[in-house]
Structure formats: C-alpha cells, structure tokens
Amino acid sequence: MTLCGLCGSEAGDRYLCDRDTTNLAERLADLPTLHDELVQCLVPRRGGWGEIVSTKNAAGPRSPLDENVLDEMNSGNMAKVVHSWRVDVQRVRWPQHSAPPPSGLAADCRWLAMELDWIGAHYPAAGDLAREVRTLEAQARSVVGDPVPRRKVVGQCIAVVDAQGAVCGADITHQASESRLTCRTCHCVYEGQQDLLLLLHYQPDGVV
Ligand SMILES: [Zn+2]
Ligand SMILES: [Zn+2]
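Residues numbered from 1 in each chain as written. Chains lettered and ligands numbered in written order. Predicted model: local features only at pLDDT ≥ 70, side-chain atom pairs only at ≥ 80, totals over all residues.

### Section: the overall build of the protein
And then number 1: Of regular secondary structure, the protein possesses 8 helices and 4 strands.
And then number 2: In sequence order, the secondary structure elements of the protein are arranged as α-α-α-α-α-α-α-β-β-β-β-α.
And then number 3: Once local pairs closer than 6 in sequence are excluded, the contacts in the protein between residues at least 24 apart make up 63%. (Helix = DSSP H or I, 4+ residues; strand = E, 2+ residues; numbered from the N terminus. Contact = placed C-beta atoms within 7 Å.)

Dropping the structure here:
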C-alpha cells in the first residue's frame, strides 16, 4: 500500500490516487490555453491606433517581439518547467533514449497526459509533478482569471504593419471584462469611440 504523493490518501499500489490523476490530466489539458492568455495579459501593449498609423512613415524597422524572452520573464517559466518534467519522466521510463528536444508547451502537456497511467503507477516523483503542475495552474489563473474568459471575434485588425501599407488583418477578439480591443498579432490597441468607429468603417466587406 502506498500513499498518494499529492494528497496523502491511500492510493493502492500507485504513486498518485485516482482523483489526483484525473485532476492532473485536466490541468495538463488546460495549461496551454492558460499560457496563451497569460502571455497576452503580460505582453506590453503597443500604443493606440493613431500611433500605429504614424509608424507607417517612420524610419527603421519595428523592433521584433522576442516571444521566448517574454515567456521567460513573464509567464513564470511554465513551458520550461513542464518540459523538464517530460525530460525526467522519459529518462526514468526509457533510460536508453536521449532527452526529447524542445517541442513547445502544448506538445509536452499532451505527451505527459498520454503517459499519465504509467506515471501514476511507476513514477515515484508523480506527486511532485502533480504538485508543480497544480501550482503553475494556480499562478496562471491568478493572473488570467478563473474560469478563463471566453473570447468573441469582433472583426479584423486594420492596423498598417509595414512600409508597403499592408494591413494586419488578424481576428480581433473581445472578452466581457475588457474596455478596449487589442490585436493579438500586431498588438495594436483600439480604445475609445473614435478607434472603434474606424475599426468598423474599415472592416472588409461581409465581416461585420
Ligand atoms: Zn491524491
Ligand atoms: Zn493587428
């Protein structure tokens, strides 16, 4: 008889009780969405619409946004932590294999979720893994909100994104608590009646 590594209840001959295994599966399924929301909450916003228009004629390239740096600084290293668990589970299960290459948070979560049965039965650190994933989820929800707000597509971004006058065109989404619209692709912000009227006016035919 072993005790669950997370809650301490009797877990038969497993390292994680059934309830905590189910919870862990749900958290692994939710983490990629939470991570996306987290990055959006923490990405520094670009200026408003007027500023975007004026950059059309400004000299010099726009500074690229380094998503990896943002990720490290802002989202609590979620992807790195989850990947390190994948590396460790694989090392214990298949010691002869070389470590998995970086493949992104979503892929790592899927991989761990598929191995959960084995993890609960054979991985002594299963409780620590479950605890850390629970902490990552709680941290993310404390920033993003719980439940994760639903987003609705309201139109397409009309910001000019290069010197040739190309328009961003990405879907603009909105959730109930937001007082302004932010393009998730170019980070242009639409705020106030003037911006919203312009956004509406320049929508491609048939969108709104
Ligand atoms: Zn448990
Ligand atoms: Zn945009």
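Once the structure has been displayed, the description carries forward.
### Examining unusual backbone geometry
And then number 1: Backbone geometry at His-187 places phi at a positive 65°, although glycine is not the residue there.
And then number 2: Position of His-187 relative to the elements: it lies in the loop between strand 3 (181-182) and strand 4 (189-190).
And then number 3: Owing to 18 C-beta atoms within 10 Å, His-187 belongs among the partly exposed residues under this scheme. (Buried ≥ 20, exposed ≤ 12 C-beta atoms within 10 Å, placed from the backbone.)

### With respect to the packing of helix 4 (residues 78-93) against helix 5 (residues 105-114)
And then number 1: The N-to-C vectors of helix 4 and helix 5 enclose an angle of 40°; their axes lie 9 Å apart at closest approach. Taken together, the axes of helix 4 and helix 5 lie oblique to each other. Our pair here, helix 4 against helix 5, has a crossing hand that is left-handed. Here Met-78, Ala-79, Val-82, His-83, Trp-85, Arg-86 and Val-89 of helix 4 lie close against helix 5, whose contacting residues are Leu-105, Asp-108, Cys-109, Trp-111 and Leu-112. (Axes fitted to C-alpha atoms, helices over the stretch in contact; angles between N-to-C directions. Parallel < 35°, antiparallel > 145°, perpendicular 65-115°, else oblique. Left-handed = near helix turned anticlockwise from the far one by under 90°.)

### Structural notes on the nonpolar core
And then number 1: Leu-16, Leu-31, Met-78, Val-82, Ala-126 and Ala-130 are the most contacted members of the largest nonpolar core, which totals 29 residues.
And then number 2: Per-element tally for this core: the top contributor is helix 7 (residues 126-144), with 7 residues.
And then number 3: With near-sequence residues (within four places) excluded, Ala-130 lies in contact with Gly-5, Leu-6, Leu-16, Asp-20 and Leu-24.
And then number 4: Core analysis: the second largest hydrophobic core is formed by 9 residues, Cys-157, Ala-159, Ile-172 and Tyr-190 among them. (Core = buried A, V, L, I, M, F, W, Y, C linked by C-beta atoms within 7 Å.)

### Quick look at the packing of helix 4 against helix 7
And then number 1: Relative orientation of the contacting elements helix 4 and helix 7 amounts to 165°, with a least axis distance of 11 Å. When the axes of helix 4 and helix 7 are compared, the pair comes out roughly antiparallel. For the crossing formed where helix 4 meets helix 7, the hand is left-handed. In this structure, helix 4 contributes Met-78, Val-81 and Trp-85 to the contact, and helix 7 contributes Leu-129, Glu-132, Leu-136 and Ala-140.

### What about the environment of Tyr-190?
And then number 1: Residue placement: Tyr-190 occurs in strand 4.
And then number 2: Distance in space between the C-alpha atoms of Tyr-190 and Ala-159 is 9.7 Å, their sequence separation being 31 residues.

### Observations concerning the confidence of the model for the protein
And then number 1: Looking at the protein, the pLDDT average stands at 82 and 81% of residues meet or exceed 70.
And then number 2: Here residues 47-66 is a poorly scored stretch, pLDDT under 50, and it has 16 contacts once near neighbours within four places are set aside; other chains count. (pLDDT = per-residue confidence, 0-100.)

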